[in-house]
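# Summary of structural features
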Amino acid sequence: MIIPHPILGPRDAQEFVYLGDASLIDRPDGMTAGIEVFHDYLYNRDNPAGLHRELWYHEQGDRSWLVVTRDTVTHEIVSAELARDVARARGRSK
Amino acid sequence: MSQSHRIAGGQIDRSTTLRFSFDGASYAGHPGDTLASALLANGVRLMGRSFKYHRPRGPLSAGSEEPNALVHLRSGARQEPNTRATVAELFDGLTATSQNAWPSLRFDAMAINDRLSSFFTAGFYYKTFMWPAAFWEKVYEPIIRRAAGLGALTREDDPDSYDKAFAHCDLLVIGAGPAGLMAALTAGRAGVRVILADEDFRMGGRLNAEVLTIGGQAGGDWAAGVVAELASLPNVRLMARTTVVGAFDAGIYAAVERVSDHLPVPLPGKPRQTLWRIYSKRAIVAAGATERPIAFENNDRPGIMLAGALRAYANRWGVAVGDRVAIFTNNDDGLRSAADLTAKGVQVVAVIDSRTDGPLLPGIRHLRGAQVIDSTGRLGLSGITVRLATGQTETIACTALGVSGGWNPNINIHSHHRARPEWRADIAAFVPGQGGPAGLIAAGAAAGHLSTYGALAGGHVQALAVLESLGITATAGDLPKAEDAPLNLSPLWHVPHGKGRAWIDQQNDVTVKDVKLAQQENFTSVEHLKRYTTLGMATDQGKTGNVIGIAVMAELTGRAIPETGTTIYRPPYTPVAMGALAGRSRGKEFKPFRLTPSHKWASEQGAIFVEVGNWLRTQWVPKPGETTWRESVDREVLATRRSVGICDVTTLGKIDIQGTDAAAFLDKVYCNTFSTLAVGKCRYGLMLREDGMVFDDGTTARLAEHEYVMTTTTANAVTVFRHLEYCRQVLWPDMDVQIISTTEAWAQYSVAGPNARKLLEKVVDQDISDAAFPYMGAGSVTLGGLRGRLFRISFSGELAYEVAVPARYGDALMRRLMAAGAEFDAVVYGTEALGVMRIEKGHVAGGELNGQSSALNMGLGKMVSKKKDSIGMVLSQREGMTRADGYRLVGVKPADPKGVLQAGSHFLEVGAPVELASDGGWLTSKVYSPHLGCDIALGYLKAGDQKIGRRMRAVNFLTGTDTLVDIVSPHFFDPDGERFRG
């Protein structure tokens, strides 16, 4: 599999480490959210047959965390973005 | 024996004679021969015994689809089992032996299975060996495995090396027959980067086996001319002896190049095989088609082979498989075999044509509307029985029979991503369907274009399409003239006759009867058929048998073939040696290993090393006279606690963390607080996963307002760093915090023991008195002017420091420390002594940091700050994780000081029955404490904090032990910490 790194161009998937669903970006605030909310955040996932946004880490590369949009049926990769940009766009800051 | 069956012609070099042996007998052949062609040239048809019934077998094919002629190739450590004689290139001195036969190939005792065949039908094992269950693994399976089997391993190390390599191209062409050559030529001339790979040692595919002409040239000569032109193009790479074995995502293909398989031993510095990973923008699979047989009674005798193979042996290798040859066909291509053999002067005694309307061959006895119904010959074919169109039967003496039931396009690679093939009635075969690997397209016979012209045109057209998709305009060229005859096939899958067995899958001994039995027992789906009968499950993946099996099932169930099911294939296309998959990753090179800067010094001391992650760490250092490891470890512990010991701790992960938000960041990733840590101090930190379990621990020092250095465990150095990058980029993207791993940058040593300060005062330039450098102090120092770092931290419980210098000075520092420590009888201690001392102090490590334990379990629950948000804080408070009767870390001592503890033992109340319900927890780590003079251990015990002082049992089923133990505080040694504060 080839991942189109937004900075480095096409890179072999073997250079990356997979984490999982990109919904992990939306971490609740531990000071306000309770156990139920965190439980839902950590364990409940959609399992789509089709497009899936997921976190990959370019460990043997530039150490970027990426959000890769992949079709779980065909393995086609539709896009790859810097996770930091995605996180900021979703309102995360400090 | 001379080459009695050699006839004129062929692409072999008769000026050179190669000697080889098979089952101890010596033969001669020529360069260009395969082992099978050379044996056939010497009149040897019998090459193996079948898998289940031990039936005598000879080659069915002349290619990689071969199910029967599997041999041990070479001898000694280089012996390779299950080598297909039909593709093994002959070399001088080659030795081969038959497999799956005892005591000999001609007389095989296990052939009794053939007499008992009515017992060994499909499902036999499932039905017979059901009871008692325990017998399966110990009795039945070993016996079955010995009787039914393929080749044997030598159990010796392979003396050859294997490589992995990478290649990139615009277009990968798989197969160098007419379609592949034409595709490569079209694309090569247009200037794109082309790789042309072919499994054969001679490119040309079927053209080498035919007498057909292309543009007035012999097909083989045309192929050689194209190969020569391709070789002259700098943008084309030709890879002969290279099988593309699998299609992967994004245009990546795996290929095995047999670099040295055609040589007695590899040339110096050359691997035996190379596993290629080929990155392509586009790929054309021009893998041709595989002929399929027709099943009839006793259709598996040596001498019965595919009609196309029979003529390949004649045309390419100059071999007449038999002196009297018959052909059994349902299509015009079979007639071509009869014509070619006749032209070669081989006597064709009859053509048995199942069609009534096939074109008549002049001068040959052509029996139209006839079928072969049986054959004779114990170790090789001696005759066939034919049912004529009139219904009468006739026996015909012959020593070779060519069978053609049609051709199956090689859809293998195309179906590797589970693309379903489509049925084409005109050729009665599956062709590639929609949805194959992206960027891959089939051409030529692989796409169902079975004529030579069809192949040339297909290769050309598909290459033009590829060029266009790559944005390159190329105009269609004139194609050379070539035959373009239709197959004129009238489907015939098996000949219904009598009660005998008609083979479909010769490698796994699956017959028409087995398919019938599967149908009777309602295993009618092709997936059930496959698993119930093992149809297509052998190393050839049913290349010659699958479609017949589906067709027979279709007939039995009254369905059409495409309704019944399709056949698809998985990688690899042909078997791949484990050596090729491993490449250079074997023995010491199995994975990388890392050495600390003072590794050489430790080696000089005779240190015993242990693998920790990728690192080699000193485990202990035996002194002369010490006969057991325990003597050495006890001495290291006692000497350290008595005076001073030095331990290499370089392998601990070190991460520099800087930025205006560094303190806030650490408060997020550690469950305890670091923003309150004073500059120049360090603190023990506990890192949780989001699920609340402990992830890692270590000490982190604050070197400046916005600068920290974190340490991690050796094992988790990589994953902690990954996690920190995740927190920094994904969770808190605007934090001003930069991190970098400095594990390799610093060599670090622990100096521990009552004399640690005195020793370091001789090495460190600054004042390190207790007042100037108190417990948990941290900061920059110099050592004889060399910059370094000093941390006053203690894992051993002693007055202890860790001193770090740039990695290149690690060896020098180790030698300096040992020299300065001589007056204190300083010792070096390894990971074993470290383990003893940390358990004496009740510190958690590997056995306790097991990924399933919380801070509360470890007795560190108070470290989790609720005043701030940190990873894992919320979920560590879940109901199940905070229960008062949950596991707690305890210390364990044997009730009898001489008692032996074992890690993994489970705690039970005295008198409780030994059953799961009584399980109170388990013993995580155990050592012998030379101070206490007995075994001591740590463990997780339910409500352990309320059970200190209780006597329990430690039960271990693996070792069959049951020991009385006392539950104690985990702090065995200096519980008040007077020593490390000293």
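This write-up is about the structure you can find in this document. From a predicted model like this one, the values you see are computed outputs, not experimental measurements.

Okay, the overall build of chain A next. Of the regular secondary structure elements, chain A holds 2 helices and 6 strands. Each helix (α) and strand (β) of chain A, taken in turn from the N terminus, gives the series β-β-β-α-β-β-β-α. A principal-axis box enclosing the C-alpha atoms of chain A has dimensions of 40 × 30 × 20 Å. A burial count over chain A gives 45% of its 94 residues as buried. Counting contacts in chain A only where the partners sit at least 6 residues apart, residues at least 24 apart contribute 48% of the total. Surface summary for chain A: the accessible area is close to 5,000 Å², and the carbon and sulfur share equals 50%. Side-chain charges of chain A comprise 11 positive and 15 negative groups, with the mean position of each set lying 8 Å from the other.

This paragraph deals with the interface of chain B and chain A. Contacts between the two partners involve 35 residues from chain B, matched on the other side by 36 residues from chain A. Around 3,000 Å² of area is buried between chain B and chain A when both sides are counted, 54% of it from carbon and sulfur atoms. Considering only the surface of chain B that becomes buried against chain A, R722, Q729 and V730 of chain B emerge as the three largest contributors, covering 18% of it. Counting across the chain B and chain A interface gives 7 salt bridges. Taking the shortest distance from any N to any O, the salt bridge between E725 of chain B and R63 of chain A comes out at 2.8 Å. Remark: the boundary between chain B and chain A carries 20 residue pairs in polar contact (both at pLDDT 80 or more). Of all the elements in the fold, those that place two or more residues in the side of chain B that touches chain A are β15 (273-285), α18 (717-731) and β38 (738-741) of chain B. If one sorts the elements of the side of chain B that touches chain A by residue count, α18 of chain B sits on top with 9 residues. Taken together, the residues that form the side of chain B that touches chain A break down as 17 nonpolar, 4 polar and 14 charged.

Space left empty within the atom packing is revealed by a probe, the size of a water molecule, rolled over the atoms. All names here are of chain B. Under the criterion given, the structure shown has 6 cavities of 30 Å³ or more. Taken together, 18 residues make up the lining of the largest cavity; nearest its centre are T596, S598, A602, T618 and D648. Looking at the lining of the largest cavity, the elements that each hand over two or more residues are α15 (599-604), β32 (615-620) and β33 (645-648). Taken together, the residues that form the lining of the largest cavity break down as 9 nonpolar, 7 polar and 2 charged. As a volume, the second largest cavity reaches approximately 120 Å³. The wall of the second largest cavity is formed by 14 residues, among which R49, S50, N68, L70 and L150 lie closest to the centre.

All right, on to the sheet that holds strand β42 (residues 800-806) of chain B then. All names here are of chain B. With mixed pairing, 6 strands are arranged side by side in an open sheet as β40-β41-β42-β39-β33-β43. In the strand order of this sheet, the two ends are held by β40 (778-783) and β43 (827-828), each with one partner. Looking at chain direction, β40 and strand β41 (residues 786-791) are connected through 6 bridges and run antiparallel. When the sheet's bridge partners are listed, A778 is paired in β41 with F791. Strands β33, β39 (746-752), β40, β42 and β43 of the sheet are contacted by helix α20 (residues 810-820), whose axis makes an angle of about 15° with β39.

About the cut-offs
- Residues numbered from 1 in each chain as written.
- Chains lettered and ligands numbered in written order.
- Predicted model: local features only at pLDDT ≥ 70, side-chain atom pairs only at ≥ 80, totals over all residues.
- Heavy atoms only, no water.
- Helix = DSSP H or I, 4+ residues; strand = E, 2+ residues; numbered from the N terminus.
- Buried < 20%, exposed > 50% of the residue type's maximum accessible area, 1.4 Å probe, protein only.
- Contact = heavy atoms within 4.5 Å.
- Areas by Shrake-Rupley, 256 points an atom, 1.4 Å probe, with all protein chains shown as cover.
- Lys, Arg positive; Asp, Glu negative; His and termini not counted.
- Charge placed at Lys NZ, Arg CZ, Asp CG, Glu CD.
- Buried area = accessible area lost by both parts, 1.4 Å probe.
- Salt bridge = Lys/Arg side-chain N within 4 Å of Asp/Glu carboxyl O.
- Polar contact = N/O pair within 3.5 Å; in protein donor to acceptor, adjacent residues only side chain to side chain.
- Nonpolar A, V, L, I, M, F, W, Y, C, P; charged D, E, K, R; others polar.
- 1 Å grid on protein atoms, 1.4 Å probe; cavity = no way out; pocket = protein on both sides within 12 Å on 5 of 7 lines; lining within 4 Å.
- Points joined across faces, edges and corners; volume = space filled by probe spheres on them.
- Pairing = 2+ DSSP bridges.
- Axes fitted to C-alpha atoms, helices over the stretch in contact; angles between N-to-C directions.

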